[in-house]
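A closer look at the structure
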Amino acid sequence: FWLDSGCLWHTRAARVHFIGYNERALLNCRSPTPWFVGYLKAVHAARSIRRQAMSYIDGFVLAVPTANKEKFLAHARTGDPVFIEYGALRVVECWGDDVPHGKTTDFFGAVKATPDETVVFSWIEWPDKPTRDAGMKKMMEDPRFDPAKNPMPFDGARMIYGGFVPLYELTR
């Protein structure tokens, strides 16, 4: 037996036989959907809730001189693997592409970006807040983050950042 678009099919020897909804009753099939479909949906929902409840996100917005794009990328390639080493699940660095100027507030104003700077939006996904706290503590003590060895190609004083608990997640 196998399921295809809500219909049950049965293979008997070399021929395939379609079993419609009326014939299901003869086979003691009470539901048009097999029991395991509901089970799989419940398992998926539980995993989504568990992942959502456990993860923790650090978000960053900063202004990087547009001429320093390659330096920023080199800085990220040096520093971001350390976050992974200390427990982060994922680090994403996003270079501003379609960032509109607002009338009241916007990303540019938040980081006091000048016309020769590009807004960068980054985030780090951690499995949970305790892992993030421990990872950030280790990162502060790590010599790879020493500004003398790995200088920031942007003004860190204008960077805004914060830690966030995911409230809602929709995935495909």
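Higher on the page you've got the structure.
Summarised in this report is the structure supplied together with it. Remember, it's a predicted structure, so these values are computed and weren't measured experimentally.

Although it is not a glycine, K112 sits at a positive phi angle of roughly 50°. With respect to the element layout, K112 can be found in the loop between α4 (107-110) and β6 (117-126). By relative accessible area, which is 62% here, K112 ends up exposed.

Let us now look at the sheet that holds strand β4 (residues 56-65). Remark on secondary structure: sheet strands pair via backbone hydrogen bonds, oriented parallel or antiparallel. Reading across the sheet, the four strands line up as β5-β6-β4-β7 and stay open at both edges, with antiparallel pairing between neighbours. Two strands lie at the open edges of the sheet, namely β5 (90-95) and β7 (160-164), each paired on one side alone. Across the sheet, the mean angle from the axis of one strand to that of its neighbour is 15°, orientation sign disregarded. Where helix α5 (residues 129-141) meets the sheet, it contacts β4, β6 and β7, and its direction lies at approximately 45° from that of β4.

Glancing now at α5. Look at α5: 19 Å from first C-alpha to last across 13 residues, which is about the 18 Å you get at 1.5 Å a residue. Within the span of α5, buried status applies to R132, G135, M136 and M139. In a view along the axis of α5, the buried residues occupy a sector of 100°, so they form one face of it. Opposite its buried face, α5 presents the exposed residues P130, K137 and E141, each directed more than 90 degrees away. Summarising the contacts, the buried residues of α5 are in contact with β4, α3 (69-85), β6 and β7.

Once that is clear, we can look at the pairing of β6. For β6, the buried fraction is high: eight of the ten residues fall into the buried class. Two elements, β4 and β6, share ten bridges in a ladder whose sense is antiparallel. Within β6, the position partnered with L62 by the bridge is V120. The pairing of β5 with β6 spans six bridges and is antiparallel. Residue pairing across strands places R90 opposite E125, the latter belonging to β6.

Criteria and cut-off values
Residues numbered from 1 in each chain as written. Predicted model: local features only at pLDDT ≥ 70, side-chain atom pairs only at ≥ 80, totals over all residues. Heavy atoms only, no water. Helix = DSSP H or I, 4+ residues; strand = E, 2+ residues; numbered from the N terminus. Buried < 20%, exposed > 50% of the residue type's maximum accessible area, 1.4 Å probe, protein only. Pairing = 2+ DSSP bridges. Axes fitted to C-alpha atoms, helices over the stretch in contact; angles between N-to-C directions. Contact = heavy atoms within 4.5 Å. Expected span 1.5 Å × (residues − 1). Arc of directions from axis to C-beta.

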